[in-house]
Amino acid sequence: MNSDQDTKSLYDGQASQWQRTGPVLLSDYSARPFVMDLCEPLKGYSILDIGCGEGYVGRELLKRGAARIHGIDISDAMIEKADAEKQKLGLENATYEVRDIRGLGDSEFQVDTVLAMFLFNYLNVADTAEVMKKAYSQLKHGGHFIFSVPHPSLAFLKQDKYPFYFEKRGGYFSGRNILFPGEIWRRDGIAVGVQCVHKTFEDYFTAMRYAGFIHMPEVHELHINDEHVAIDPEFFTPLIDLPLHVAFKVKK
Ligand SMILES: C[S@@+](CC[C@H](N)C(=O)[O-])C[C@H]1O[C@@H](n2cnc3c(N)ncnc32)[C@H](O)[C@@H]1O
C-alpha cells in the first residue's frame, strides 16, 4: 500500500469536513488558538504554512496582522477550498500550491515564520527530519519554526474513541514509524479521519537538531482546560487531564 497516496486520498476525500470559517474541530479549540498565539508577533510577518490544508489557520493569521501567507499542501481538494475562500474574501496576500512538501527545495522562500500545524504526523521519522531541514533553510535569520503534533503518549493513554484517539499499532518504542489511524470529532458530532506515523519525543528533538536549530525550543503540552469545559462540558470532559498535542517554537 502506498501510504503517500493514502494521505492525499484521505484529505481529498474529506476536504468538505475540514472546510471552516471558525472553530469546528476539537483541535480548533484544544490546539490551534494556542499555536496561533505562539506565532505572535505577526504584524508585517511573512509565513510559510506547510501542510496548510484548506487554509483556515493562515486566514486567521492574516486577520491577526500577518502580511503574507503561502500555503503548501499535498491535497488538491484542500487547496481548491483554500483558493475558493481566498477568492471569496479577496485575500491578495494569500497564495497556495499543491505540492508534496518533501519535494521543497532549499531556501525557496525567505520568511519570518514557518508553520507546520499537524503535518509531521503524516511523515515518517526520516522525512520529518528532512522537512525540518528544509523549513530551517526557508527562514530568515531570527525567524521562527512553529509546529504542532499529536502528543506522542496520547495513543498509549487513551483507549476510548470519542472525541479524539489514535489506535496504537505497537508500543511507544516498537511503534516508531508505524501509522496509527485515528479520528477527531467536530462539535457537531461528525468525526474526521486522521493518522499519526508514531514518533517519540526524542525523534522531534533529534530532527530539530539535524535541521540546524541550535536554540532551546519552547515546548508546550496542550490539554483541555476549564474554559473548554465551560463551552461544552459533554464534548471536552472525556479529555480532561490527557496530553493531547505538543507545540514547539524554535528560533533560527
Ligand atoms: C491534519 S491536516 C492539518 C491542516 C492544517 N495545517 C490545519 O491545521 O488546519 C494535515 C494536512 O497535511 C497535509 N499533508 C500531509 N502530508 C503532506 C505532504 N507530504 N506534503 C504536503 N502536505 C501534506 C494533508 O493533506 C492535510 O491537509
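Residues numbered from 1 in each chain as written. Predicted model: local features only at pLDDT ≥ 70, side-chain atom pairs only at ≥ 80, totals over all residues. Heavy atoms only, no water.

**Considering the overall build of the chain**
Link 1 in the chain: When helices and strands are tallied, the chain shows 11 helices and 10 strands.
Link 2 in the chain: Computed over the C-alpha atoms, the radius of gyration of the chain is 17 Å, within 12% of the 18 Å expected from 2.2 N^0.38 for a compact globule of 252 residues.
Link 3 in the chain: Relative to all contacts within the chain whose residues are 6 or more apart in sequence, the contacts with residues 24 or more apart total 70%.
Link 4 in the chain: Total accessible area on the chain stands at roughly 11000 Å², and carbon and sulfur atoms take up 52% of it.
Link 5 in the chain: Both charge centroids of the chain, one from 28 positive and one from 35 negative side chains, sit 3 Å from each other. (Helix = DSSP H or I, 4+ residues; strand = E, 2+ residues; numbered from the N terminus. Rg over C-alpha atoms; globule rule 2.2 N^0.38 Å. Contact = heavy atoms within 4.5 Å. Areas by Shrake-Rupley, 256 points an atom, 1.4 Å probe, with all protein chains shown as cover. Lys, Arg positive; Asp, Glu negative; His and termini not counted. Charge placed at Lys NZ, Arg CZ, Asp CG, Glu CD.)

**A few points about the site of the ligand**
Link 1 in the chain: In the vicinity of the ligand lie 22 residues, with Arg32, Gly51, Asp73, Ile101 and Met117 positioned nearest.
Link 2 in the chain: Note that an oxygen atom of the ligand is positioned 3.1 Å from one of the side-chain N or O atoms of Arg20.
Link 3 in the chain: Protein contacts shield 98% of the accessible area of the ligand, which totals 590 Å² for the unbound molecule.
Link 4 in the chain: Put simply, the ligand lies in the largest pocket. (Near = heavy atom within 4 Å. Polar contact = N/O pair within 3.5 Å; in protein donor to acceptor, adjacent residues only side chain to side chain. 1 Å grid on protein atoms, 1.4 Å probe; cavity = no way out; pocket = protein on both sides within 12 Å on 5 of 7 lines; lining within 4 Å. Sits in = over half its atoms within 2 Å of the grid points.)

**Topic: the sheet that holds strand S5 (residues 139-150)**
The pairing of strands in a sheet happens through backbone hydrogen bonds and is either parallel or antiparallel.
Link 1 in the chain: Taken in spatial order, the seven strands of this open sheet run S3-S2-S1-S4-S5-S10-S9, and their pairing is mixed. Every interior strand has two partners, whereas the edge strands, strand S3 (94-98) and strand S9 (218-222), have only one. Each strand of the sheet is rotated relative to its neighbour by a mean of 15 degrees, with strand direction disregarded.
Link 2 in the chain: Across five bridges, the pairing between strand S1 (residues 46-50) and strand S2 (residues 68-73) is parallel. (Pairing = 2+ DSSP bridges. Axes fitted to C-alpha atoms, helices over the stretch in contact; angles between N-to-C directions.)

**With respect to the environment of Leu61**
Link 1 in the chain: As for its placement among the helices and strands, Leu61 is situated in helix H5 (residues 56-63).
Link 2 in the chain: The class for Leu61 is buried, based on a relative accessible area of 0%.
Link 3 in the chain: Along the chain, Leu61 and Ile74 lie 13 residues apart, while their C-alpha atoms are 21 Å from each other.
Link 4 in the chain: Those residues in contact with Leu61 that lie beyond four places of it in its chain are Met36, Cys39, Leu42, Ile47, Ala66, Ile69 and Leu115. (Buried < 20%, exposed > 50% of the residue type's maximum accessible area, 1.4 Å probe, protein only.)

**Quick notes on helix H6 (residues 76-89)**
An α-helical segment advances 3.6 residues per turn. Residues three or four places apart therefore align on the same side.
Link 1 in the chain: For H6, built from 14 residues, the straight-helix expectation of 20 Å at 1.5 Å per residue is met to within 8% by its first-to-last C-alpha distance of 20 Å.
Link 2 in the chain: Along H6, the residues that are buried comprise Ala77, Met78, Ile79, Ala82, Glu85 and Lys86.
Link 3 in the chain: Looking one or two residues past H6, Gly90 carries a phi angle of roughly 65 degrees, positive in sign. (Expected span 1.5 Å × (residues − 1).)

**Topic: the sheet that holds strand S6 (residues 164-166)**
Link 1 in the chain: What the three strands build is an open sheet, ordered S6-S7-S8; its pairing is antiparallel. The sheet is open, and its two borders are formed by S6 and strand S8 (191-197), each paired with just one other strand. Averaged over all pairs of adjacent strands, the angle between their axes in this sheet comes to 20 degrees, without regard to strand direction.
Link 2 in the chain: Bridge analysis of S6 against strand S7 (residues 179-185) gives three bridges, and the strand direction is antiparallel.

**Let's talk about the packing of aromatic side chains**
Link 1 in the chain: The final tally for this structure, using the stated rule, is 22 aromatic pairs.
Link 2 in the chain: The interplanar angle of 15 degrees and the centroid separation of 4.6 Å between the aromatic rings of Phe147 and Phe248 together place this pair among those described as stacked. Of this pair, Phe147 sits in strand S5 while Phe248 is found in strand S10 (residues 245-251), placing the two residues 101 residues apart along the sequence. Just as Phe147 is buried, Phe248 falls in that class too. (Phe/Tyr/Trp six-rings, centres within 6.5 Å; stacked < 30°, edge-to-face > 60°.)

**Remarks on the side chain of Thr200**
Link 1 in the chain: With respect to the secondary-structure elements, Thr200 resides in the loop between S8 and helix H9 (201-211).
Link 2 in the chain: The buried category is assigned to Thr200, whose relative accessible area is 4%.
Link 3 in the chain: Among residues more than four places away in sequence, those in contact with Thr200 are Pro152, Tyr172, Phe173 and Arg176.

**Section: the layout of surface pockets**
Link 1 in the chain: What the largest pocket holds in volume is close to 690 Å³.
Link 2 in the chain: Mapped onto the lining of the largest pocket, the elements with two or more residues apiece are helix H1 (3-13), H5, S2, S6, S7 and S8.
Link 3 in the chain: If one sorts the elements of the lining of the largest pocket by residue count, H1 sits on top with four residues.
Link 4 in the chain: The calculated volume of the second largest pocket comes to roughly 160 Å³.
Link 5 in the chain: Lining the second largest pocket are Tyr29, Ser30, Pro33, Phe34, Asp37, Glu221, Leu222, His223, Asn225 and His228.
Link 6 in the chain: At the level of secondary structure, the elements contributing two or more residues to the lining of the second largest pocket comprise helix H3 (26-30), helix H4 (32-38) and S9.
Link 7 in the chain: Taken together, the residues that form the lining of the second largest pocket break down as four nonpolar, four polar and two charged. (Points joined across faces, edges and corners; volume = space filled by probe spheres on them. Nonpolar A, V, L, I, M, F, W, Y, C, P; charged D, E, K, R; others polar.)

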